[in-house]
There are 2 protein chains.
Amino acid sequence: MERFDIHILGCGSALPTMRHLATSQIVNVREKLFMIDCGEGTQVQLRRSRLSFGRLNHIFISHLHGDHCFGLMGLISTFGMLERTADLHIYSHPDLQRLLAPQLEFFCKEMPYNVVFHPFDPGERTVIYDDRSVSVETIPLRHRIPTCGFLFREKPTPSHIRRDMIDFYQIPIYMRNRIKNGEDYVLEDGTVVPNARLTMPSEPPRAYAYCSDTRYQPKIIEQIEGVDLLFHEATFASSELVRARKTFHSTASQAAQIARDAKVKRLLIGHFSARYEDERILLDEAAAVFPETMLASENLTVSL
Amino acid sequence: MERFDIHILGCGSALPTMRHLATSQIVNVREKLFMIDCGEGTQVQLRRSRLSFGRLNHIFISHLHGDHCFGLMGLISTFGMLERTADLHIYSHPDLQRLLAPQLEFFCKEMPYNVVFHPFDPGERTVIYDDRSVSVETIPLRHRIPTCGFLFREKPTPSHIRRDMIDFYQIPIYMRNRIKNGEDYVLEDGTVVPNARLTMPSEPPRAYAYCSDTRYQPKIIEQIEGVDLLFHEATFASSELVRARKTFHSTASQAAQIARDAKVKRLLIGHFSARYEDERILLDEAAAVFPETMLASENLTVSL
């Protein structure tokens, strides 16, 4: 099965601590790397992950709070020093370009590559990226400022052609890709061998949903239904329910309710408030509602 | 003796690695904290140092390259979340204020404290800070952009009054501070007891010079002569002498020449190029010229 991995570079909340860094993740889909959010310290974490900097061409920013974007300038400027030449695409609320432009102008003069901004409206559900392997769609969320999550949907892969059928019908090489992509095979005597007989269906395409930062927002359930992995913020324990609502964050239990109601396969919780020295209370509260819950942590990789 | 410590938060060069973070230091003079430079990741390092955030009120920026200032926004915004109320003073080239203002406006609305900018010309030797314990003077350096170092000079402390003389002359309490500050004591019969007889001189005031980033610049020798500790950048080994000159950096050996010629007590080298997996080559080259050389490293504290 081709690679579809989530690497956690940072999963703390607004106040970085010695236990957790500010938010950033890498989604590796078939060796193409996509970054979600880029808090301070992301470039060092990316180095630690040993993922190839050169395979990262697209960065998605959920919202313009510092703990989700203060690492961008360092990353962009390091890419310049490493003599990157490929365009770097940044997808975000339009304000980011306005804020970064003067800094790029000052700190990144004569960079050997371009930063290309792709502004979008986080309040609208939109496909903001699409290639032959994956599409990325925004998930409108409810936070103090315009915010969205991201839904990564793998494209279906071609069927597997059956080795025994190739041998049996002596199928020539030039036909094999066409059969993988759904064609039937016609024998010399005109007999049609239906595609279903020649192939085995490939693995079903996978999906990953990232939802941070947000208040409990059941509207998203329909959009993320059945995903293989949901990352959902779980800033607080239930004892802080009032604070969660006030600051437009979720409790671990609310994250689990979303996971349960959306019938996702697994839930990964993160964006932990600095007040929790030990996040097991968050894990316990979430797992009570949705057993397939995991705690995010720096340098964790989850394969879908 | 009162505290005068240097804490290294980061001592790498432009490319942060897993071994070294971008530049930042804390100078602790009698429990007042001063920050020099603020590369990405500084706030987490400051937390790791366990120094009190509340005692830090002054930040000095040597020059506007990203590895010396990209941590400012994160630090400023974290101070806001921690409900700081005291003004935070930032001393730098005037361009910094222009670059930070739109970000402060966007990311730090309604902060409970003020950021106060103190622009200065890094090309001029100027006292930019002065209180009753310490003064800070700029040290013009030679880098690709306007850059200066900082010279921290402790103020002399009052003499120590001699316990045996207090007892012998029955000196009343109200006179003791005046004697510490240099007054003579007049006995009831009019006899003058000279101050030198009543006191012991205090420890000589100490000084710390920070010089990074810079080409070999012997002009600074006169200004930093005899300091207790010199931090000098040593980006390269001698094999990279040409590159050092071209990029306006120093070799370890050049740093040591400055230390030797300025007759400083100790030399601390840092700002290591990412190419050195092991900095012992830099230490060896510097120590060959100036034996009292130490390698900087993250979380190192040097007491003067």
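Residues numbered from 1 in each chain as written. Chains lettered and ligands numbered in written order. Predicted model: local features only at pLDDT ≥ 70, side-chain atom pairs only at ≥ 80, totals over all residues. Heavy atoms only, no water.

A.B. asks: Looking at this structure, I do not really get the interface of chain A and chain B. What am I missing?
C.D. replies: Interface size, as often reported, equals the accessible area lost upon joining of the parts. Taken residue by residue, the interface counts 34 residues in chain A and 34 residues in chain B. Surface buried jointly by chain A and chain B totals about 2800 Å² across both partners, of which 72% is contributed by carbon and sulfur atoms. By the criterion of area lost to chain B, the three top residues of chain A are Met18, Glu40 and Phe70 of chain A, representing 24% of everything that side buries. Connecting chain A to chain B are zero salt bridges. Here chain A is connected to chain B by seven residue pairs in polar contact (both at pLDDT 80 or more). Per-element accounting of the side of chain A that touches chain B gives the leading share, seven residues, to helix α3 (residues 95–107) of chain A. The residue inventory of the side of chain A that touches chain B, partitioned by class, reads 16 nonpolar, 12 polar and six charged. (Contact = heavy atoms within 4.5 Å. Buried area = accessible area lost by both parts, 1.4 Å probe. Salt bridge = Lys/Arg side-chain N within 4 Å of Asp/Glu carboxyl O. Polar contact = N/O pair within 3.5 Å; in protein donor to acceptor, adjacent residues only side chain to side chain. Helix = DSSP H or I, 4+ residues; strand = E, 2+ residues; numbered from the N terminus. Nonpolar A, V, L, I, M, F, W, Y, C, P; charged D, E, K, R; others polar.)

A.B. asks: Before we go on, may I ask you to explain the layout of surface pockets in this structure?
C.D. replies: Where empty space is left can be seen by rolling a probe of water-molecule size over the atoms. Its volume calculated, the second largest pocket comes out at about 1300 Å³. Ala14, His65 and Arg144 of chain A together with Ser77 and Met81 of chain B are the residues nearest the centre of the second largest pocket, which is lined by 38 residues in total. Within the residue set of the lining of the second largest pocket, elements represented by two or more residues are α3 (72–81) and α4 (95–107) of chain B. Broken down by element, the residue count for the lining of the second largest pocket peaks at five residues, all from α3 of chain B. (1 Å grid on protein atoms, 1.4 Å probe; cavity = no way out; pocket = protein on both sides within 12 Å on 5 of 7 lines; lining within 4 Å. Points joined across faces, edges and corners; volume = space filled by probe spheres on them.)

A.B. asks: Would you take a moment to explain the sheet that holds strand β15 (residues 229–233) of chain A for this structure?
C.D. replies: As a general point, the strands of a sheet are linked pairwise by backbone hydrogen bonds and lie either parallel or antiparallel. Residue and element names in this part refer to chain A. One open sheet accounts for seven strands, arranged β7-β8-β9-β14-β15-β16-β17; its pairing is mixed. The open sheet terminates on both sides in strands that have one partner only, identified here as β7 (127–130) and β17 (293–295). Averaged over all neighbouring strand pairs, the angle between strand axes comes to 20°, with direction disregarded. Two strands pair when backbone bridges link them, and strand β16 (residues 266–270) and β17 are joined in this way by three bridges, in the parallel orientation. Bridge pairing in β17 links Ile269 to Leu295. (Pairing = 2+ DSSP bridges. Axes fitted to C-alpha atoms, helices over the stretch in contact; angles between N-to-C directions.)

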